[in-house]
Each structure stands twice: as C-alpha cells, then as structure tokens.
Amino acid sequence: MGDPTLRVCALYPDLLNIYADRGNLLLLERRCAWRGIGFEVTSASLGDGLDPGAHDLFYIGGGQDRDQRLCAQDMVDTKRDALHAAADRGAVVLAVCGGYQLLGHAYELEDERIPGVGLVDLHTVREAGPRLIGNVAIELELPGIDGPRVLAGFENHAGRTHLGAGERPLGRVLRGHGNTGASAFEGVRRGNVIGTYLHGPLLPKNAWFADWLIATATGAAEALEPLDDRLEDAAHAGARRAAGV
Ligand code: GLN
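Below, the structure is looked at part by part.

What counts, and at which threshold
- Residues numbered from 1 in each chain as written.
- Predicted model: local features only at pLDDT ≥ 70, side-chain atom pairs only at ≥ 80, totals over all residues.
- Heavy atoms only, no water.
- Buried < 20%, exposed > 50% of the residue type's maximum accessible area, 1.4 Å probe, protein only.
- Helix = DSSP H or I, 4+ residues; strand = E, 2+ residues; numbered from the N terminus.
- Pairing = 2+ DSSP bridges.
- Phe/Tyr/Trp six-rings, centres within 6.5 Å; stacked < 30°, edge-to-face > 60°.
- Lys NZ or Arg CZ within 6 Å of the ring centre and 35° of its normal.
- Salt bridge = Lys/Arg side-chain N within 4 Å of Asp/Glu carboxyl O.
- Axes fitted to C-alpha atoms, helices over the stretch in contact; angles between N-to-C directions.
- Contact = heavy atoms within 4.5 Å.

**Remarks on the pairing of strand β4 (residues 92-96)**
Then, in step 1: In terms of burial, β4 is a largely internal element, five of the five residues being buried.
Then, in step 2: With burial as the criterion, each face of β4 is covered, one bearing Val92, Leu94 and Val96 and the other bearing Val93 and Ala95.
Then, in step 3: Pairing analysis gives four bridges linking strand β3 (residues 57-60) to β4, with the strands arranged parallel. Each bridged residue has a counterpart across the sheet, and for Ile60 the counterpart in β4 is Ala95.
Then, in step 4: In this structure, β4 lies alongside strand β14 (residues 193-196), joined through four bridges in parallel fashion.

Shown next as structure tokens:
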C-alpha cells in the first residue's frame, strides 16, 4: 500500500464559510503535511456533482440563512445521492452549524422550508426566542478513543435542531446551548457522519478531534504520529476556559 492520502471534498466553500470555518480545512491540511500524509482538497459548489468514491471526508461549513437558501436545493438536486452513497461506504462527513442543519430533513423558518439531504434523521426549526450564542463545551466519546473527551468552540444559531428517536447526539453539553438550548445534547453522530454547532473554527481548537477525523477517514491502522501540540493545546485550553470548563 502506498502512502496514505486524505482526500477531502469541501461543499460550497464559497458560500458556507462563516466564522472562518475554512480554517478547519487548513488545520487538516497542516496536520497531514506534518506527518507526511498526502492531502487533496476538491471543492464542489452550485451545480457540481459529487463522486461518492473519490473522497474520504466531505466537509460542509456554516452559513447565514440566506447562504443556506442558496445551497440547499442544489445540495438535494446534485449531491444528495452521492452523499448517501459515500456515507454508506463509511466516508466521513463533517458538517458545522448551517451545514449541520442541511444534513437533516429540513430547516423550517416561519413560512419557509429549506430542504436538507436527509443523511440523518433530524429537523431544525427557527423557533421564537433568542439566538443561541456563546462559548460552548461538550463531552463526547468516540470509537477508538479511551474515555470521554471535550470539544470546545463557539455557537451562534437561531435554529433549534431536534434529533429523531433513533439518532444519537455527538455529545453532552457541559456549557452552552447545544442543539435546542434545552435538550442538554449537542450535534449528531451516526457512524462517521457528524454534525455540530461548534465553530471556532472547530478543529484548530480541538486538534485531537482533527486527528480522529484524519485517522477515521484514511482508515489508519496505527495511531497517528504525535505532533508538537503546544500551541494547539493552548488553543484548546483557551476555548475551554472561555466556555468555563
Ligand atoms: N443560519 C443558521 C441559524 O442561524 C446557521 C448559522 C450558522 O451557521 N452559524 O440557525
């Protein structure tokens, strides 16, 4: 087997990139490069089809309602089937905030329904009440990682996301609002399909999670080579402190 390469497909990087969510891709790129793991990123925007077998990790960032409106129907029309096929073969899908909402059945606003691709059983409703904003920390367990770990970041969403009965959240809220502000849960994880409200960007503040994604997406049989993570650890500690954890 040749050297591993992480093949990433970024969906709508021109439209879904709020809070510098593109930093997540940079972090993946750097951590692969530092270890001699190849990294390829392809983007797929409006009108572009997807090859479900050509990528190990599909990434969807966050966006304002108006940007989600622009992408949603296109995602259903040109990318839904490929995303389902990719998820079925175990590809990683990481979706943040606006992208997370589009993984479900729909994002419902007052008199409007923004469709989702139905990759997971959830729906999002823009209910009355304040936006859910602030620093957030969640506790989660992931396959192959001993014990619970913490993700820390920042959330800002008006939508409240309700998981179907068969879905599991990504984690438990330690501080912040999470999916609904009242459920005590944050995000969703079905196998390698992950949705979360955490911006930050998420991965620079949680390098351990980036490594889990890289290992999972590339099918790395052995643990990834450790890196000098002094800066990354400080970023993680700072994000946790900001959330009060
Ligand atoms: N527009 C969505 C909401 O407000 C998502 C926002 C985001 O990606 N930060 O709920």
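**A word on the packing of aromatic side chains**
Aromatic rings considered in pairs are described by the distance between their centres and by the relative angle of their planes.
Then, in step 1: Applying the stated criterion to the full structure yields four aromatic pairs.
Then, in step 2: Geometrically, the ring pair formed by Tyr19 and Phe154 is edge-to-face, given 5.5 Å between the ring centres and 80° between the ring planes. Here Tyr19 is found in the loop between β1 (5-11) and α1 (23-34), whereas its partner Phe154 is found in strand β9 (residues 149-157), with 135 residues between them in sequence.
Then, in step 3: Between Phe209 and Trp212 the ring centres are 6.1 Å apart and the planes differ by 5°, which places this aromatic pair in the stacked class. Here Phe209 and its partner Trp212 are both found in helix α5 (residues 207-218), three residues apart, which amounts to about one turn of the helix.
Then, in step 4: Taking the relative accessible area as the measure of exposure, Phe209 reaches 0% and is therefore buried.
Then, in step 5: Over the ring of Trp208 we find Arg149; its NZ or CZ atom is 4.6 Å from the centre of that ring.

**Description of the pattern of salt bridges**
Then, in step 1: One pass over the structure, following the stated rule, counts 13 salt bridges.
Then, in step 2: Residues Arg30 and Glu29 are paired through a salt bridge, measuring 3.5 Å at the closest nitrogen-oxygen approach.
Then, in step 3: By relative accessible area, Glu29 is classed as partly exposed at 26%.
Then, in step 4: The partner of Glu139 in a salt bridge is Arg172, and the shortest N-O contact between them spans 2.8 Å. In this pair, Glu139 sits in strand β8 (residues 132-140) while Arg172 sits in strand β11 (residues 171-175), placing the two residues 33 residues apart along the sequence.
Then, in step 5: Judged by its relative accessible area of 26%, Glu139 is partly exposed.
Then, in step 6: Through salt bridges with shared partners, a single ionic network connects Arg31, Arg35, Asp211, Asp229 and Glu232.

**Here we look at the sheet that holds strand β2 (residues 38-44)**
Then, in step 1: Pairing in this open sheet of six strands is mixed, and the strands run β2-β1-β3-β4-β14-β13 from one edge to the other. In this open sheet, the two edge strands, each paired with only one partner strand, are β2 and β13 (188-190). In this sheet, neighbouring strand axes are inclined to one another by 15° on average, regardless of whether the strands run parallel or antiparallel.
Then, in step 2: Across four bridges, β1 lies against β3 in parallel orientation. Bridge pairing links Ala10 to Tyr59 in β3.
Then, in step 3: On the sheet, α5 packs against β1, β3, β4 and β14 and is oriented at approximately 145° with respect to β4.

Interpretation in functional terms is not warranted from these geometric data alone.
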